[in-house]
Amino acid sequence: GAKVNKSVDYGAWIAGPIKTDKLWYSYSYHNKVLNQYIAGNYNPDGTQVLDDNSVWTTSGKIAWQMTKTAQLAYTNNNQHRIVGHRNDSGGTFASSQARNINDKYPDAHQVKFTTPWRGNKVLDVSYNRFRAADRFRPTAGTAPDAIAKIETTSNTTWDAASNYNVKPQFRDQFQVSASYFAGRHDVLVGYQIVESAATMQQYSLSGMRIQYTNSVPVSVNTYNVPIGNTGDYDRAGHITNVPIRYHAYDRLQNLYLQDKWTPTKKLVLNLGVRFSKDFGWMDATCRTATIFVDEQCFAAIKGAPDMKNVVGRFSAIYDLAG
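All residue numbers here refer to positions counted from 1 along the written sequence of the relevant chain. Under the rules for a predicted model, residues below a pLDDT of 70 receive no local features and side-chain atom pairs below 80 are neither given nor counted, while totals for whole chains, interfaces and linings still include all residues. Side-chain measures here rest on the full set of heavy atoms in the structure, leaving out hydrogens and waters.

Caption draft 1: The overall build of the protein, seen in detail. Each helix corresponds to a stretch of at least 4 residues labelled H or I by DSSP, and each strand to a stretch of at least 2 residues labelled E; elements are numbered beginning at the N terminus. When its secondary structure is counted, the protein shows 0 helices and 19 strands. The C-alpha radius of gyration computed for the protein amounts to 27 Å, which surpasses the reference 20 Å derived for 322 residues by more than 25%, pointing to a less compact arrangement than a globule. Taking the principal axes of the C-alpha coordinates as reference, the protein spans close to 85 × 50 × 45 Å. Exposure categories follow from relative accessible area, calculated using a 1.4 Å probe and restricted to protein chains: below 20% of the type maximum is buried, above 50% is exposed, and the middle band is partly exposed. Here the protein, with 322 residues, has 32% of them falling under the buried criterion. Exposure was quantified through the Shrake-Rupley algorithm and a 1.4 Å probe, taking into account, for residues, occlusion by the shown protein chains and nothing else. Put simply, the protein shows about 18400 Å² of open surface, and 56% of that area lies on carbon and sulfur atoms. The protein carries 35 positive and 26 negative side-chain charges, and their two centres are separated by 10 Å. The reference for a compact globule is 2.2 Å times residues^0.38; the radius of gyration itself is calculated from the C-alpha atoms. Note that His is not counted, nor are the chain ends; the positive residues are Lys and Arg, and the negative ones are Asp and Glu. For charged residues, the charge sits on one atom: NZ in Lys, CZ in Arg, CG in Asp, CD in Glu.

Caption draft 2: A look at the environment of methionine 307. For methionine 307, the position within the fold is in strand S19 (residues 301-318). Given the relative accessible area of 44%, methionine 307 is considered partly exposed. Expressed as a C-alpha distance, the spacing of methionine 307 and asparagine 78, which sit 229 residues apart in the sequence, is 33 Å. Two residues form a contact once any of their heavy atoms are found within 4.5 Å. Setting aside residues up to four positions removed in sequence, methionine 307 forms contacts with Ser276, Lys277 and Asp278.

Caption draft 3: Summary view of unusual backbone geometry. Of the consecutive residues alanine 304 and proline 305, the connecting peptide bond is found in the cis state with omega at 5°. With respect to the secondary-structure elements, proline 305 resides in strand S19. Residues other than glycine seldom take positive phi values, yet serine 215 does so here, at roughly 70°. Looking at where serine 215 falls in the secondary structure, it is placed in the loop between strand S13 (208-213) and strand S14 (216-222). The class for serine 215 is exposed, based on a relative accessible area of 60%.

Caption draft 4: Main features of the pattern of salt bridges. The working definition used for a salt bridge is a side-chain nitrogen of Lys or Arg within 4 Å of a carboxyl oxygen of Asp or Glu. This structure, assessed with the given rule, holds 7 salt bridges. Taking the shortest distance from any N to any O, the salt bridge between aspartate 103 and arginine 137 comes out at 3.3 Å. Remark: arginine 137 occurs in strand S8 (residues 121-138) and aspartate 103 occurs in strand S6 (residues 100-104); sequence separation between them is 34 residues. Across the pair aspartate 159 and lysine 149 runs a salt bridge whose closest N-O atoms are separated by 2.7 Å.

Caption draft 5: Layout of the environment of alanine 143. Structurally, the position occupied by alanine 143 is in the loop between S8 and strand S9 (148-151). Residue alanine 143 is classed as partly exposed on the basis of its relative accessible area of 34%.

Caption draft 6: Representation of the state of the cysteines. Throughout, disulfides are identified as pairs of cysteine sulfur atoms within 2.5 Å of each other. With the rule as written, the count across this model stands at 1 disulfide. The side chain of cysteine 286 participates in a disulfide bridge whose partner is cysteine 297; the two sulfur atoms lie 2.0 Å from each other. Note on the cysteine 286 and cysteine 297 pair: the S-S dihedral is about 100°, so by sign convention the disulfide is right-handed. Pair noted here: cysteine 286 is in strand S17 (residues 285-287) and cysteine 297 is in strand S18 (residues 296-298), with a separation of 11 residues, a long-range link. For cysteine 286, a relative accessible area of 32% translates into the label partly exposed. Given the relative accessible area of 45%, cysteine 297 is considered partly exposed.

Caption draft 7: Summary view of the side chain of threonine 58. Summarising the element assignment, threonine 58 is placed in strand S3 (residues 48-65). Of the residues examined, threonine 58 reaches a relative accessible area of 12% and is grouped as buried. Ignoring anything within four residues of it in the chain, the contact list for threonine 58 reads Tyr27, Ser28, Tyr29, Asn76, Asn77 and Asn78.

Caption draft 8: A look at the packing of aromatic side chains. For Phe, Tyr and Trp, rings pair up if their centres lie within 6.5 Å, where Trp contributes its six-membered ring, and each pair is then called stacked (planes under 30 degrees apart), edge-to-face (over 60) or tilted (otherwise). Counted under the stated rule, the structure contains 6 aromatic pairs. With 5.7 Å between their ring centres and 45° between their planes, tyrosine 42 and phenylalanine 93 make a pair best called tilted. Here tyrosine 42 is found in strand S2 (residues 23-42), whereas its partner phenylalanine 93 is found in strand S5 (residues 93-94), with 51 residues between them in sequence. Given the relative accessible area of 24%, tyrosine 42 is considered partly exposed. Taking 5.5 Å as the distance between ring centres and 35° as the angle between the ring planes, the aromatic pair formed by tryptophan 158 and tyrosine 212 counts as tilted. Pair noted here: tryptophan 158 is in strand S10 (residues 156-158) and tyrosine 212 is in strand S13, with a separation of 54 residues, a long-range link. Exposure remark for tryptophan 158: the relative accessible area of 26% places this residue in the partly exposed category. Of the residues examined, tyrosine 212 reaches a relative accessible area of 14% and is grouped as buried.

Caption draft 9: Structural view of the confidence of the model for the protein. Looking at the protein, pLDDT values average 92 and 98% of them are 70 or higher. Per-element averaging of pLDDT across the protein places S17 at the bottom with 87 and strand S16 (residues 267-282) at the top with 97. Each residue gets a pLDDT score, which is the predictor's confidence in that residue and runs from 0 to 100.

Below is the structure:
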């Protein structure tokens, strides 16, 4: 079991009307800290490394009653998580400088409009925007040009991690649906488009890792990634002084129609059909030249995947007791 060093968990919430029967708001904040000593997390001298974790989350919403039947709402959820000494070296023992600071910034936004009209129809329109950056960077005290070292006999790493990376990503989604309620039929028709992307930036402080056996240097590994440092980050989460390794995109579209039909008092049929189209692509890119490897470029990729399909859906519910 882990020995807990520190545990903190607190939050606050506030909500209410800005204008009675017209405009409302809500806001919450939550903060958690958990520092502990866990098995398998050791310094080269055998002492345990503190597994330090913190995360704060905020959530806010504003809802506007535009008319008696129409509402427009905006919601935001934002989070920041930090793992202060994440061991991604693969070794049992790792010094503080051979570990990573891993921090994540997921940020989600939604705008939604809902309105019924003429008593038996409902329209929903929404837009969602998600952004995140998953970063693995050097810990405090790591030299900017440090060479990663590993002792294979004791499976110990020190001075630096072999390489670091940043993975920004995003997803944008638009959806519109209309519902129609008429007698024995509840009909829903809708359209959805989702566009997403994932990016990778990877770098090393020295471009190499020295391997030791019984304290004797025996080999050097070189990495085909640019030599750099954390530098500055732009608003999308990219490191400004490290080239992008790849940028992959995907666009998914769905058109769907379904009917909840009650032909008798005891029988309910759910009938649906969905047409989906999924298309992925990558821009042309080059693998950056390093002191060890020449530049290598790659052509753009289109249609990976490139799929279209139609899927039918059916279910039946029969009430035996009536």
